Amino acid sequence: MISRHLQIREITSPSNHLLKQGKALHDRPGREKSKLFLIEGAKLVTEAIERRVEVVDIVVSETFVKQGLPNLDQSKVRCLNVMPDKLFAELSTTTTPTGIAAIARIKESTLDDCLKKSNPVLIICDSIQDPGNLGTMMRSALAFGASGMILTKGCVDCFNPKVVRGGMGASFALPIVRDADMAEICAELHERGFKTVLLEPTAEKNIFDLDMNQSLAFVFGNEGHGFSRNTLDSVQERLQIPMQNNTESLNVSISAAILLFEWSRRRNFAG
């Protein structure tokens, strides 16, 4: 049943401004120009509202309305823009649209936003390209208590619709600094007392040798090319994840989860 307090606006024209605006958010230039991004799915839309993300508009398909707005917390919503399924499919970035999407305001974070915990741990993503990898890393960062993430200029956009979906709401709760320069951010972190660490299969030490009771920044590199010389020169320590001999290197998002779990285990549960 649809709540009586909901205001309904019907959209029927393919030239409607809201539809055009939503489609423009599929690509980074459109998001950068408008400072808006797209959220898809009832669970993510509700979570965004609960996390106090500034939601500008909510759009739903006619079928989603006929189904009674499944999985949407109607108490959190005041107005819905309803459009035919065919038009909604143009707005959606998925092959099987969920029937609901929100247009929300991008909130930029600073390094200070990431440093509000004592002895924080940060994740630095250096030219991560795959949206699925970045989304998974965001989920792991939030799950294991990271204080924030820093993305270099070569990274996939954290407001890319695929990243937002893959992060399952992590981008709503986790401070994320975008377009950082690796050398500059490492230098600033070193001045603030951080140790910067990256994973390298041939490193002499492993993650069990690292003192986790300090401010740390874990650096993860590009999936295909690894770390640039600039990054290798900027980071203080190199460690490996112990594995069986003749084993392929791990996916970057799996490596991040393992390292974050070990940090969380020792910081929060050891002893």
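If you're wondering where the values come from, they're calculated on a predicted model, not measured in any experiment.

Undergrad: Got a sec to walk through the pattern of salt bridges? Specific residues and values, please.
TA: By the definition in use, this model includes 19 salt bridges. A salt bridge links Glu47 to Arg51, with the nearest nitrogen and oxygen atoms 3.9 Å apart. Classification of Glu47 by relative accessible area gives buried; the value is 17%. Judged by relative accessible area, Arg51 falls into the partly exposed class, the value being 42%. For Arg229, the salt bridge identified is with Asp233, shortest N-O distance 3.3 Å. Residue Arg229 and its partner Asp233 are located together in helix α10 (residues 229–234), separated by 4 residues, close to a single helical turn.

Undergrad: Pulling in residues and values, what's your account of the state of the cysteines?
TA: A covalent bond between the sulfur atoms of two cysteines is referred to as a disulfide. A full pass over the atoms with the stated rule returns 0 disulfides. With no disulfide partner, Cys155 has as its closest neighbouring cysteine sulfur the one in Cys125, 5.3 Å distant. Residue Cys155 is classed as buried on the basis of its relative accessible area, which comes to 6%. Considering cysteine sulfurs only, Cys155 is the nearest to Cys158, which forms no disulfide, with 9.1 Å between them. The class for Cys158 is buried, based on a relative accessible area of 1%.

Rules used in this analysis
- Residues numbered from 1 in each chain as written.
- Predicted model: local features only at pLDDT ≥ 70, side-chain atom pairs only at ≥ 80, totals over all residues.
- Heavy atoms only, no water.
- Salt bridge = Lys/Arg side-chain N within 4 Å of Asp/Glu carboxyl O.
- Buried < 20%, exposed > 50% of the residue type's maximum accessible area, 1.4 Å probe, protein only.
- Helix = DSSP H or I, 4+ residues; strand = E, 2+ residues; numbered from the N terminus.
- Disulfide = S-S within 2.5 Å.

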